[in-house]
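# Chain and residue survey
Okay, here's what each chain looks like letter by letter:
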Amino acid sequence: MLAFVTAIGTAGYILIEGLSALDALYLTVITLTTVGYGDLVPQTTAGRLFTVLIILSGVGSALYLFTAGAQLVLEGQLRDVFGRTAMQRRADHMKGHVIVCGYGRFGRAVAGELARSGAQMFVIDADPAREEELRRLGTPFAIGSAVEDGVLDAAGIGRARAIVVATPSDPDNVFITLSAREKNPGIRIHARAETEAGLRRLELAGAHQTLSPYHSGGVRMAASILRPSVVDFLELPLPDHHPGIAIEEARIGAHCRLEGTTIGDVESEWQRVRVVALERAGDPVRIAPEAGTVLGAGDLLVVIGEREALMRLAQEIERPPSC
């Protein structure tokens, strides 16, 4: 509106007062901003009447623009705008990250564990009231529905390695699973469901792992009653249960130093670490593999032990071949 009034005012002063384009623009601007230096004023009656119209139609727009600009700065909205832009640029460079759809109790627990593990993630939630909490999380996020294609695209769905579908709606979870499978056929999909029917439909939609928090919680509680020692052992790797112990997986890359060594060599070199399972392409998972098993490129080790030892083992496996 302000630009329109400025253009009309400039053209009017050129036609009515015979001013040059620069003088007409100058007179229009000082009129709209209520500065009025007095060095240039309308000389004709028609010019004065035209000035009255410009003041009535344009001064309000100018004052509104200045007030809105001050509000952006004083209330921090300008900072938020630039913050969102920087966050989206950060998200555009993410690759191999995890997308968490839904930041309720379930999604919050997943995001918290991913954050503790140092995994890159992008969180999506439809509730604007959670924006400040997500900002404190320190990870890229979007306020919107993951059902919308644009929201998933902003989260980098094509470059993500996994997605956690954790909204409270089974139909939405099924739709998001289908969208994720379409946009990234290689992504791993982990989804929650509220009902047994929801679990079946998520599996049909292509989810790799489906979970009902209520069912899983009930089974775990029953297991704690029937086999408490077993449950305590299985919970050792959980950070809240024992922060010094973890269970991790590591895949041996081509030309890794560990290629050609045995499981016994690994356990001898990295004490306080035990290989509990071995997955090899084309073979079923081997639980408690023999110490003499020779490791090759592509083997996936599941190891349990002290966190520091596991971190050193992971660094050795992920070290570039040139090292």
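So, here is what we can say about the structure in this document. These numbers come from a predicted model, not from an experiment.

Calculation criteria
- For every chain, the first residue of the written sequence is number 1, and numbering continues from 1 onward in sequence order.
- For a predicted model such as this one, the threshold for reporting local features is a pLDDT of at least 70, and the threshold for listing and counting side-chain atom pairs is 80 or more; totals across whole chains, interfaces and linings nevertheless cover every residue.
- Calculation of side-chain values draws on the structure's entire complement of heavy atoms; hydrogens and water are dropped beforehand.
- For this analysis, a ring pair means two rings from Phe, Tyr or Trp (six-membered ring only for Trp) whose centres lie within 6.5 Å, classed as stacked if their planes differ by under 30 degrees, edge-to-face if by over 60, and tilted for the remaining angles.
- Labels follow the DSSP assignment, with helices taken as runs of H or I lasting at least four residues and strands as runs of E lasting at least two, numbered in each case from the N terminus.
- Burial classification: accessible surface area is computed with a 1.4 Å probe over protein chains only, and a residue below 20% of its type maximum counts as buried, one above 50% as exposed, and the rest as partly exposed.
- Here a strand pair is declared whenever DSSP counts at least two bridges between the two strands.
- Handedness of a crossover: with both strands directed away from the viewer, a clockwise path from the first strand across the helix to the second marks it as right-handed.
- Working definition: the arc comes from the directions between the helix axis and the C-beta atoms, pointing outward to the latter.
- For this analysis, residues touch if any pair of their heavy atoms sits within 4.5 Å.
- By convention a nonpolar core is built from buried Ala, Val, Leu, Ile, Met, Phe, Trp, Tyr and Cys residues, the set being connected through side-chain atoms within 4.5 Å.
- Note on geometry: axes are C-alpha line fits, over the in-contact stretch for helices, and angles between N-to-C directions span 0 to 180 degrees.

## Details of the packing of aromatic side chains
- Under the counting rule described, the total for this entry stands at one aromatic pair.
- Judged by centre distance (5.3 Å) and plane angle (90°), the rings of Y13 and F50 are edge-to-face. One end of the pair, Y13, is in helix 1 (residues 2-17); the other, F50, is in helix 3 (residues 45-74), and 37 residues separate them in sequence. Considered together, Y13 and F50 belong to a single accessibility category, that of buried residues.

## Some thoughts on the sheet that holds strand 7 (residues 245-251)
- Ordered in space as 7-10-8-9, the four strands form an open sheet in which the pairing is antiparallel. Each end of this open sheet is capped by a strand with a single partner; those strands are strand 7 and strand 9 (286-287).
- Sheet analysis places strand 8 (residues 273-279) next to strand 9, joined by two bridges and oriented antiparallel. Looking at the pairing, L278 lines up with R286 of strand 9.

## Examining the pairing of strand 5 (residues 188-192)
- Here four bridges tie strand 4 (residues 162-165) to strand 5, and the two strands are oriented parallel to one another. Among the inter-strand pairings, V164 is bridged to a residue of strand 5, identified as H190.
- Regarding topology, helix 8 (residues 170-183) serves as the crossover connection from strand 4 to the parallel strand 5, and that connection is right-handed.
- A crossover connection joins strand 5 to the parallel strand 6 (residues 209-211) through helix 9 (residues 196-205); in handedness this β-α-β unit is right-handed.

## Overview of helix 9
- Those residues of helix 9 lying buried are G198, L199, L202 and A205. Buried residues of helix 9 fall within an arc of 125° about the axis and therefore sit on the same side. Across helix 9 from its buried face, at more than 90 degrees, point the exposed residues R200, R201, E203 and L204.
- Summarising the contacts, the buried residues of helix 9 are in contact with helix 8, strand 5 and strand 6.
- One or two positions beyond helix 9, positive phi appears at G206, with a value near 110°.

## Some remarks on the nonpolar core
- Judged by nonpolar contacts, the single largest core of 26 residues is most densely connected at I99, C101, I124, L152, I157, I163 and I189.
- Elements with a contribution of two residues or more to this core: strand 1 (98-101), strand 2 (121-125), helix 7 (149-154), strand 4, helix 8, strand 5 and helix 9.
- Setting aside anything within four residues of it in sequence, one finds I163 in contact with I99, C101, L152, I157, I176, A180, I187, R188, I189 and H190.

## A word on the sheet that holds strand 2
- Read across the open sheet, the six strands follow the order 3-2-1-4-5-6; overall the sheet is parallel. Looking at which strands have only one partner, the edges of the open sheet turn out to be strand 3 (141-143) and strand 6. Averaged over all pairs of adjacent strands, the angle between their axes in this sheet comes to 10°, without regard to strand direction.
- Two elements, strand 5 and strand 6, share three bridges in a ladder whose sense is parallel. When the sheet's bridge partners are listed, H190 is paired in strand 6 with Q209.
- Where helix 5 (residues 105-116) meets the sheet, it contacts strand 1, strand 2, strand 4, strand 5 and strand 6, and its direction lies at approximately 160° from that of strand 1.
- Against the sheet, helix 9 touches strand 5 and strand 6, its axis set at about 170° to strand 6.

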